Amino acid sequence: MAAGGAAAALALVLGAASEAAAASTYPIAPGYTVNVRSGPSTSYSIVKVLPEGSKVTIFCQTPGQTVSGPYGTSNVWDNIASGQYVSDAYVNTGSDGYVAPRCS
C-alpha cells in the first residue's frame, strides 16, 4: 500500500514539473518586426530580428528598461531563449503584468 502511495506522489510531482516546463506562446504585434536583445534594455545588442507575424515562447520575465509599444508602456521584458529578450510592450500577452515566472 505504501508503494502505491509513493507511485501516486511521484506521478503528481512529475505532472507538476511538466506543467511548469510548458511555456506559453504569444504573438508579437501585427505589422511590427521586433528586435531581440541580449538583455532587458535597448542598450543591449540586437541578437536577431523577429519578422512580422512571429510568435514567441516566454520562458520567464524580468524588469528592465521602460519601453512604449503597441501594447502600452512597460518595463517587463520577456525571455524567449537563452540570452534573448523582447519588450513585453510588443507581445500580445493579454496582460499588463507578468504572465510567466520571474527570471532568476
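Read on for an overview of the structure. (Residues numbered from 1 in each chain as written. Predicted model: local features only at pLDDT ≥ 70, side-chain atom pairs only at ≥ 80, totals over all residues. Heavy atoms only, no water.)

## Comments concerning the state of the cysteines
- A complete count under the given rule lists one disulfide for this structure.
- The residue that forms a disulfide with Cys-60 is Cys-103, at a sulfur-sulfur distance of 2.1 Å. Between Cys-60 and Cys-103, the S-S dihedral sits near 95 degrees, and the bridge is therefore right-handed. Of this pair, Cys-60 sits in strand E5 (residues 60-69) while Cys-103 sits in the segment after strand E7 (84-87), placing them 43 residues apart in sequence. (Disulfide = S-S within 2.5 Å. Helix = DSSP H or I, 4+ residues; strand = E, 2+ residues; numbered from the N terminus.)

## Here we look at the nonpolar core
- One finds Tyr-26, Ile-28, Val-34, Val-36, Leu-50, Val-56, Ile-58, Ile-80, Val-86, Val-91 and Ala-100 forming the largest nonpolar core, which totals eleven residues.
- Secondary structure elements with two or more residues in this core: strand E2 (34-37) and strand E4 (55-58).
- Apart from the residues lying within four places of it in its own chain, the contact partners of Val-36 are Ser-45, Ile-46, Val-47, Lys-48, Leu-50, Ile-80, Gln-84, Tyr-85 and Val-86. (Core = buried A, V, L, I, M, F, W, Y, C linked by side-chain atoms within 4.5 Å. Buried < 20%, exposed > 50% of the residue type's maximum accessible area, 1.4 Å probe, protein only. Contact = heavy atoms within 4.5 Å.)

## Some points on the packing of aromatic side chains
- Enumeration over the complete set of coordinates arrives at one aromatic pair.
- Between Tyr-32 and Tyr-90, the aromatic rings sit 5.6 Å apart at their centres with planes inclined by 70 degrees, giving edge-to-face as the arrangement. Within this pair, whereas Tyr-32 is found in the loop between strand E1 (24-27) and E2, its partner Tyr-90 is found in the segment after E7, the two being separated by 58 residues in sequence. (Phe/Tyr/Trp six-rings, centres within 6.5 Å; stacked < 30°, edge-to-face > 60°.)

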